[in-house]
Amino acid sequence: MALFDLPLDQLRSYRSSAVEPADFDQFWSKTLAETRAHGLDPRFERVETGLTSVEVYDVTFAGFGGQPVKGWFVLPAGTARPLPVVVEFIGYGGGRGQAHTHLLWASAGFAHFVMDTRGQGSGWATGDTPDPVGSAPAYPGFMTRGITDPHDYYYRRVFTDGVRAVEAARSHPLSDASRTAVTGVSQGGGITLAVGGLVPDLVAVAPDVPFLCDFPRALTLTDSRPYREVGDYLKTHRNLIRQTRSTLGYFDGVHFAARATAPALFSTALEDGVCPPSTVFAAFNAYGNEDKAIEVYDFNGHEGGGPFQQAAQLAWLPQRLRQG
């Protein structure tokens, strides 16, 4: 795909038209309070992977509604003192996959917690967490599950799981809870922004080509999935456009970004038809801390910077984790 969005100079000043619900903070405060009424019950079980440079734990914790969520916890081998911790969220359709695929942050000397995504894990990496909550009629995928009511919407459960994943990661005795960062690619970047806006004491937030941002523009600009799932749903449910837009207002990364306080490193790609650059810049420009930067990949699509962005994170994130 060639360049299709706004020119870069306009992207740097672009602001979303997304309208924040008046009870946005109340909605999320109540959601988290209801989930925290359930014990976190984090369980870390050591597993053998054949790897000698890291130690791996199979994790279970109580997410939204007290429902069990899986994860991986990876430490440098022989860790004897608490380490800064990086919590990672997974892209759309994928699950936590195999433990040996998550080596980057432990290799850099940090504790690494990978959250499985409920109900996902059959698109490109396996998952181990079911989503036991039902849904009204929805378009295939996850974007429209429960979309007629924010209390029922799928991402209410996922974003809450993300907050609880941070709490579970911090509960391990070899995690330095005071130095916690969150990161993820695509959907994982969208979850990263949500958690960044809901957890006030993180030391770094690193959303990579984030999804779930600036719904008003995304739904009308790109014809790519997953955003297109919403459009295809509304082709059938023509009478639910206003209701759908109202629900999505509670889950827009732009609103979470405005509440985030930790330093941030974003990325975007100018040929990304899945998460258009204007939607990423909408969140970046709304971000609540001026200590922020964005890497721009001019000729890339949704793969973004790939290993180049990982290198940028390896140069940026350790500084924040070690001084946090």
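Remember, predicted model here, so these are calculated numbers, not experimental data. (Residues numbered from 1 in each chain as written. Predicted model: local features only at pLDDT ≥ 70, side-chain atom pairs only at ≥ 80, totals over all residues. Heavy atoms only, no water.)

Visitor: Outline the nonpolar core, supporting the account with residue identities and numerical values.
Guide: Core analysis: the largest hydrophobic core is formed by 72 residues, its most contacted members being F113, M143, Y155 and F159. The leading source of residues in this core is helix α4 (residues 154-171), at 9 residues. Residue contacts for F159: discarding those within four places in its chain leaves W28, G190, I191, A194, V195, L212, F251 and F256. (Core = buried A, V, L, I, M, F, W, Y, C linked by side-chain atoms within 4.5 Å. Buried < 20%, exposed > 50% of the residue type's maximum accessible area, 1.4 Å probe, protein only. Helix = DSSP H or I, 4+ residues; strand = E, 2+ residues; numbered from the N terminus. Contact = heavy atoms within 4.5 Å.)

Visitor: Explain the side chain of D116 residue by residue, including any values.
Guide: Mapping D116 onto the fold places it in the loop between β5 (111-115) and α4. Nearest to the buried, unbridged D116 among oppositely charged side chains is R96, at 4.7 Å. Here the side chain of D116 touches D128 through a polar contact of 2.6 Å, landing on its backbone nitrogen. A polar side-chain atom of D116 sits 2.8 Å from a polar atom in the side chain of T129. Filtering out sequence-adjacent residues up to four positions away, D116 remains in contact with V69, K70, G71, G95, R96, T126, G127, D128 and T129. (Lys, Arg positive; Asp, Glu negative; His and termini not counted. Salt bridge = Lys/Arg side-chain N within 4 Å of Asp/Glu carboxyl O. Polar contact = N/O pair within 3.5 Å; in protein donor to acceptor, adjacent residues only side chain to side chain.)

Visitor: How would you summarise the packing of aromatic side chains if you had to cite specific residues and measurements?
Guide: This structure, assessed with the given rule, holds 26 aromatic pairs. Ring plane angle 65° and centroid distance 5.6 Å describe the contact between W28 and F256, whose orientation is recorded as edge-to-face. Separated by 228 residues along the polypeptide, W28 in helix α2 (residues 24-36) and F256 in helix α9 (residues 253-259) bring together distant segments of the chain. By relative accessible area, F256 is classed as buried at 0%. Between Y92 and F142 the ring centres are 5.6 Å apart and the planes differ by 80°, which places this aromatic pair in the edge-to-face class. In this pair, Y92 sits in the loop between β4 (83-89) and α3 (104-107) while F142 sits in the loop between β5 and α4, placing the two residues 50 residues apart along the sequence. Across the pair, F142 and Y92 agree in class, each one buried. (Phe/Tyr/Trp six-rings, centres within 6.5 Å; stacked < 30°, edge-to-face > 60°.)

Visitor: I'd like a description of the pairing of strand β2 (residues 54-62), backed by residues and values.
Guide: On a regular strand, each side chain points to the face opposite its neighbour's, so the side chains alternate between the two faces of the sheet. Of all 9 residues in β2, 9 are buried; the element is thus mostly enclosed. Pairing geometry for strand β1 (residues 43-47) and β2, over 5 bridges, is antiparallel. Within the sheet, the bridge partner assigned to R43 lies in β2 and is T60. From the end of β1 to the start of β2, which pair antiparallel, there are 6 residues, and G50 there has a positive phi angle of about 85°. (Pairing = 2+ DSSP bridges.)

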